[in-house]
Amino acid sequence: MKENVSFYQGTHESVFVFFQGNLYNRPELLPFLEDKLESEAQLIFELFKREGTDFASNLLGEFAIFIYDKKKHRLFLIRDHLGTKPLSCAILSEGFLFGNDGVSISKILGINQNLLKKYLVQQYQHYTKDYHLLPSKKVFRILPGHFLEYDFKKSRLIKYWEPESISLVEGKSYDQHFFEIRSLVENAVKVRSQHIAEFGVHYSGGIDSALIATITKKLYPRTKPKAFAWIDQSLLDSGQFEADWMKESARILNIDLMGNELSPHDYVEFLKNPWNMSNTILEEGVRQKADQNGVEVILSGWGGDEFISIDNKAVFTDLFFSGNWKSLLQCYPISNFPRFIWMIYYHVIVASTGFRVPRKLIHDKYYEFFKKAKINRAVPKNKLYKWKTRNDLHRFYLYNGHIAERLEDWYINGQLHGLEYRYPLLDKRIVEYMFAVPSAILVSKDCKGRGFVRDMLNHFFKPEQLQFFSKRDSGMLTGLIELESKVNEVLINELKDIENCDFLDFIDFEKLKREINFNLNSNMNIGNTDYHILTILKKNKENSSFFFD
């Protein structure tokens, strides 16, 4: 069951429905009509007749929906709860345009040069990106958990899903919460993997991707799923660094582990891709491998860090500001005063003010090459990376574009390979559940963090083995630095051509070239992350060419 696309118009009816995506609770929505429904679009038609747009909050799945009510002269665009299916639109005097790809719609309708420059500058940012920003004034994105209503006079963007308003559930033990959340996670994997002829799993080396692989093996013990890793295939073959552990964990799970074989040429070519927004370039190597192996769907553990396996940085802040000192002092007893003071500094002062996180739009390592008069890097207050409660941090991830940007990037680039991504840990039921779990529960068993996920993995791995799961292992980073070193050798030779791009007048190229020459003469490794600016500059140049070719 790959992504469904269907259209429906009822007999003698004035309502038209277009549906794209997958629904996992379809039988529960209109059980008395289920046998008569021929498509998801027809289901949405029937729901809309009975409930209006209220039906959207009850859907479980990933979807983009267009509804046109001809009689009432209104149309609706509905995007799924987490934003797995991207959706952009433009309201024009001569009509209405919508689709998954806001970048291409912007190109079709014309680029605003000032907006394009802001759009390019965002590539140097991280948490402070403005997800709404596109290089055309006429195009805007529908946000996750929202729908657009348009009556051909005015439009409204309406939020239909508010998990942050869910109340905390008190009175349950850790074990009760654990069994309930484990059941949700297993079901989230099951509904996204059943009836798929050939699916694979993302195996980043992190604990969340290991969880998805583990549950997959539990559900399908006789299969040997293909697992795709960011780590370089040559490191897997040689057994360097943590590659040994990745191979050992794959052996334990009986999954077919495949490393990345992205070449420097592939890397540079992918920088020409205008839909690579989140700079996860190694993922293109995963897509190539999946394509070569006939995989249609990849199950990814991405999104776990933001909800079910959120680390304790927000938990301790939440305990402090909610006054739950008993739970907090179990992890940071005053008897260990230096550690207690460190907790106050990092989990209270830093977390609630955000002052240690750069309060700048552009990171210092990039900003030193900016012409200062050209760029204002003051961060709007609503974009500061700070929190006082765990709810604050969950909401930050949901609504600042952190989640939606990557989902849009991977959706469009996956489609170019005939590949669909599914994210079990971004199931709306899991997200809602985590908003309701008190922070005290998450440290009631121990203070290590990510207890739910670690306990789900205990069936396959020993507790001491779980410490080896890490997306930041030295093997992967070493392979990436070697790759970037070769890429930068190419990009240094292209610097003059990049410099000729009219939209990069905010970069001090002379200073950048002096820095490069100094480092080359000093035999410094040009794969160093400071040279990542070359990658972004190349991407900037190619993006501007895309919009004006």
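No experiment lies behind these values; they were computed from the predicted model shown.

*Asks:* Mind showing me how you'd approach the packing of helix H22 (residues 509-521) against helix H23 (residues 532-548) here?
*Replies:* The description of two helices packed together rests on the angle between their axes and the distance between the axes. Relative orientation of the contacting elements H22 and H23 amounts to 140 degrees, with a least axis distance of 12 Å. Classed by the angle they form, the pair H22 and H23 counts as oblique. In this structure, the crossing between H22 and H23 has a hand that is left-handed. Each of Phe509, Leu512 and Ile516 in H22 lies in contact with H23, whose residues at this interface are Ile533, Leu534 and Leu537. For the contact of H22 with H23, a count of residues per class yields six nonpolar, no polar and no charged.

*Asks:* Is there a simple way to think about the nonpolar core in this case?
*Replies:* Soluble globular proteins: nonpolar side chains tend toward being buried together. The biggest cluster of nonpolar side chains holds 159 residues, and the ones touching the most others in it are Ile44, Ile67, Ile181, Tyr203, Ile308 and Phe452. A total of seven residues in this core trace back to one element, the largest contributor, which is helix H5 (residues 174-193). Look past the residues within four positions of Ile181 in its chain and what remains in contact with it is Ile308, Ile430, Tyr433, Met434, Phe452 and Met456. In this structure, Phe66, Leu87, Cys89 and Leu148 belong to the second largest nonpolar core, which totals eleven residues.

*Asks:* How should I be thinking about the environment of Lys117 in this particular structure?
*Replies:* Mapped onto the elements, Lys117 comes out in helix H4 (residues 113-121). Taking C-alpha positions, Lys117 is 8.9 Å from Ser544, a pair spaced 427 residues apart along the chain. When neighbours within four sequence positions are excluded, Lys117 is seen to be in contact with Phe503, Asp505 and Phe506.

*Asks:* Can you walk me through the sheet that holds strand E12 (residues 256-260) in this structure?
*Replies:* Sheet strands line up and pair through hydrogen bonds in the backbone, either parallel or antiparallel. What the five strands build is an open sheet, ordered E12-E11-E10-E13-E14; its pairing is parallel. Taken across any chain shown, the strands that pair with only one partner, and hence form the sheet edges, are E12 and strand E14 (420-422). Across the sheet, the axes of successive neighbouring strands diverge by a mean angle of 30 degrees, strand direction being ignored. As defined by bridge partners, strand E11 (residues 226-232) adjoins E12 across four bridges and the pair is classed as parallel. Paired with Phe228 across the strands is Met258, a residue of E12. This element, helix H6 (residues 207-219), spans strand E10 (199-202) and strand E13 (297-299) of the sheet and lies at about 145 degrees to E10.

Rules behind the numbers
- Residues numbered from 1 in each chain as written.
- Predicted model: local features only at pLDDT ≥ 70, side-chain atom pairs only at ≥ 80, totals over all residues.
- Heavy atoms only, no water.
- Axes fitted to C-alpha atoms, helices over the stretch in contact; angles between N-to-C directions.
- Helix = DSSP H or I, 4+ residues; strand = E, 2+ residues; numbered from the N terminus.
- Parallel < 35°, antiparallel > 145°, perpendicular 65-115°, else oblique.
- Left-handed = near helix turned anticlockwise from the far one by under 90°.
- Contact = heavy atoms within 4.5 Å.
- Nonpolar A, V, L, I, M, F, W, Y, C, P; charged D, E, K, R; others polar.
- Core = buried A, V, L, I, M, F, W, Y, C linked by side-chain atoms within 4.5 Å.
- Buried < 20%, exposed > 50% of the residue type's maximum accessible area, 1.4 Å probe, protein only.
- Pairing = 2+ DSSP bridges.

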